Structures are given as structure tokens and as C-alpha cells.
Amino acid sequence: MATTDRQTATLALAHALSAAERGLPVFPLSATKLPALRSPHHDEDPPVHCRGACGLPGHGVHDATTDPATVRALFAAAPRATGYGIACGRAPHRLIGIDLDIDTAHGNDSVAALQQLALQHLFTIPATVTVLTPSGGRHLWLTGPSDVSVSNSASRLAPGIDVRGAGGYLVGPGSVTTHGRYRLAPGTAHLPPAPCPRALLRLLTPAPRPSRPAGRVTPARQGEGLVQFVRAAHEGQRNTRLFWAACRAYEHGFGDALADALTDAARSTGLTEQEARAAIASAARLTAPRTP
């Protein structure tokens, strides 16, 4: 390993230990932002869905710990780690990450979208730990109550706003990836993670929908609003609207059934069929249930 790589790995461990001291469960990440340790079950057939019960490292976010000795052991087993992940939803902080992507090329301003949600639902975005990402986005750190579990989601709140909750993780500040370094926003390093506003928490944990008798409402009828949402897109919004609508369709279980209608709607706005299918496939991957 080159000297620079060793220094990066050493700094990653130092940042991870500092986070662990503050009660944040951590584990090593590679430069691709994926867990740096290979699963001990990667060669097993059929696949083993283990969340660390076997006692071996290599289970991604399930390896996360605040114990300094265990953190050191994890990084020793992953000498090429360049960063660290922070497990969300875990005591004592029960971290909730609000991931705000910036994509001005497609008319996507997630910061403005969050501010609009705050105005609509009467909450204030609190001053809190904020991490700047290499792509120009930012992660807001919030804390949740012990009796509420927030799920991971992609663009459900609004296009470009992803949420990291139970079972998810955030890239910790000081981590180095192939796209650059994650760093704390000026003026936020001294702040503790702020409690999530109650109104925002309600948006993050929507009440379950009442069940409907089977066969009474078809997927196409359920998705009619999503199709119209895509058809109404102007230039600069087409990809973003299509991706958002496809995510909602797959989260509600009728993404495949609605894919053709969404594709036709996207084509009517000027996208090619190939572009539309690619965006829908990306939404399917992002919303698919994750296995350890």
C-alpha cells in the first residue's frame, strides 16, 4: 500500500474512533462508499442471510460498533478502508440522515424542496451537524425518539431527498471516496445532532394505508396520478419526475405493472424509450428490499 493510502486509512480510523467516542456506531468503508470487509458468507450456496449472528466481521452496517477495540479490529481487517460508515437508527442517538442531493442540471434543488416542506408542514429545520459531500450535496444529522423507527427511502419526500434510517448508514465526515472527501460544514462541528421536528418525523413515518379488498383497484388506476405527474414535466424536470414517480410506484408494489404507462408518459415529454426504461430500472433497484 502506498504511503498516501496508509495515511488515508490511518485518518479514517482516527475519525471513526472519534465518532465512536461520541456514541455513534461505526464500521469501515471502501472508497466506493461500500463496506470495506467482504462477507464471510460470499461463497456459500444457497446464500446465507446473516446479520452478524455468526460472530464474524463482514456484515456491513451490522458490524457497526462504538467499542474502540472492536473498531480497531475492524479497520485492521480492512487495511484499504478510506472512510467509515455511521449506522443510523441505533441507540443512543438513533440517527436519522437527511441526504440532500444537488442536481441543478436537471432542475433538482433538494435544499429548496426541504424548505418548501418546512413551510407547508409548519416546522423549522434545526441547526444541526451538517456534512458536505463531494458532489455538492449535504447530509443533515437528526435524532429520533426511541419509540419510532424511520425507514430508508429514496426521493419519497421529494425528488433528491433521501432518508437514512434503521438499517441504513451515512458516510462519516473525514472519509475519502473516489469522488472526494466528506467534511463538516463550517459552524456545525460543535453542534450535537438536533432532534427531528415532530412534523418532519410524521412525514418520515407515514401512517399505513387502510387495506383495500383485493381486485377492486388496479395498479394502473392507483398509478394514474403518477403517470399524469410525469406527463406534466417540463424540460429539465423530465428525468427527475420520472424517477420520483417510479420510486413511488415500486414502493407501493405496482412498479412493474406501471412501467409501460410511465415509459409512454416520459416519451410524451421528449425522453427516449431507452432513457425512460433506464430511469425506471434505477428506481426499481433503489427501492428493492435490501439483503445483508
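The model shown is predicted, which means the values in this text are computed figures rather than measured ones. Sequence order sets the numbering: in each chain, residues are counted from 1 along the sequence as written. Per-residue local features are limited, in this predicted model, to residues with pLDDT of at least 70; the limit for side-chain atom pairs, both in listing and counting, is 80 or more; totals at the level of whole chains, interfaces and linings are taken over all residues. The basis for the side-chain values is all heavy atoms of the structure; hydrogens and waters are excluded.

1. Here we look at helix α2 (residues 68-76)
- Each residue is placed in one exposure class: buried if its accessible area under a 1.4 Å probe, protein chains only, is under 20% of its type's maximum, exposed if it is over 50%, and partly exposed if it falls in between. Here a strand is any run of E in DSSP of at least two residues, a helix any run of H or I of at least four, and the numbering for each starts at the N terminus. Of the residues making up α2, those classed as buried are Val71, Leu74 and Phe75. For α2, the arc enclosing every buried residue in end-on projection is 95°, short of the 170-degree limit, so these residues lie on one face. Residues Ala69 and Ala76 are exposed on α2 and point more than 90 degrees away from its buried face. Throughout, the arc means the angular range of directions from the helix axis out to the C-beta atoms.

2. What to know about the confidence of the model for the protein chain
- Chain-level statistics for the protein chain give a pLDDT mean of 87 and a share of 89% at 70 or above.
- Note: pLDDT gives the predictor's confidence per residue, expressed from 0 to 100. Per-residue pLDDT, averaged within each element of the protein chain, yields its smallest value for helix α5 (residues 219-222) (58) and its largest for strand β6 (residues 130-132) (98).

3. Overview of the packing of aromatic side chains
- Any two of the Phe, Tyr and Trp rings considered here, Trp counted by its six-membered ring, make a pair once their centres fall within 6.5 Å; the pair's planes then place it as stacked at under 30 degrees, edge-to-face at over 60, or tilted in between. Applying the stated criterion across every chain yields a total of two aromatic pairs.
- Ring centres 5.1 Å apart and planes at 85° place the aromatic pair phenylalanine 27 and tyrosine 169 in the edge-to-face group. One end of the pair, phenylalanine 27, is in strand β1 (residues 26-29); the other, tyrosine 169, is in strand β10 (residues 169-171), with 142 residues separating them in the sequence. In this structure, phenylalanine 27 and tyrosine 169 share a single accessibility class: buried.

4. Topic: the nonpolar core
- Val26, Val71, Phe75, Tyr84, Ile86, Leu95 and Trp141 are the most contacted members of the largest nonpolar core, which totals 30 residues.
- For this core, the secondary structure elements donating two or more residues are α1 (3-21), β1, α2, β2 (83-87) and β10.
- Counting residues per element, this core draws most heavily on α1, at six residues.
- In contact with valine 26, other than residues within four places in its own chain, are Ala16, Ala19, Ala20, Asp63, Ala64, Thr65, Val71, Leu74, Tyr84, Gly85 and Ile86. The criterion is simple. A nonpolar core is a set of buried Ala, Val, Leu, Ile, Met, Phe, Trp, Tyr and Cys residues joined through side-chain atoms within 4.5 Å. Whether two residues touch is decided by their heavy atoms; if any such pair falls within 4.5 Å, the residues are in contact.

5. Notes on the pattern of salt bridges
- Salt bridges are counted wherever a side-chain nitrogen of Lys or Arg sits within 4 Å of a carboxyl oxygen of Asp or Glu. The full count for this structure, using the stated rule, is four salt bridges.
- In this structure, glutamate 251 engages arginine 248 in a salt bridge whose closest nitrogen and oxygen atoms are separated by 3.0 Å. In this pair, glutamate 251 and arginine 248 are both assigned in helix α7 (residues 238-251), three residues apart and thus about one turn of the helix distant.
- Of the residues examined, glutamate 251 reaches a relative accessible area of 33% and is grouped as partly exposed.
- The buried category is assigned to arginine 248, whose relative accessible area is 6%.

6. Some points on the side chain of serine 155
- Within the fold, serine 155 resides in the loop between β8 (153-154) and β9 (161-164).
- Apart from residues lying up to four places away in sequence, serine 155 is in contact with Gly160, Ile161, Asp162, Phe243, Trp244 and Arg248.

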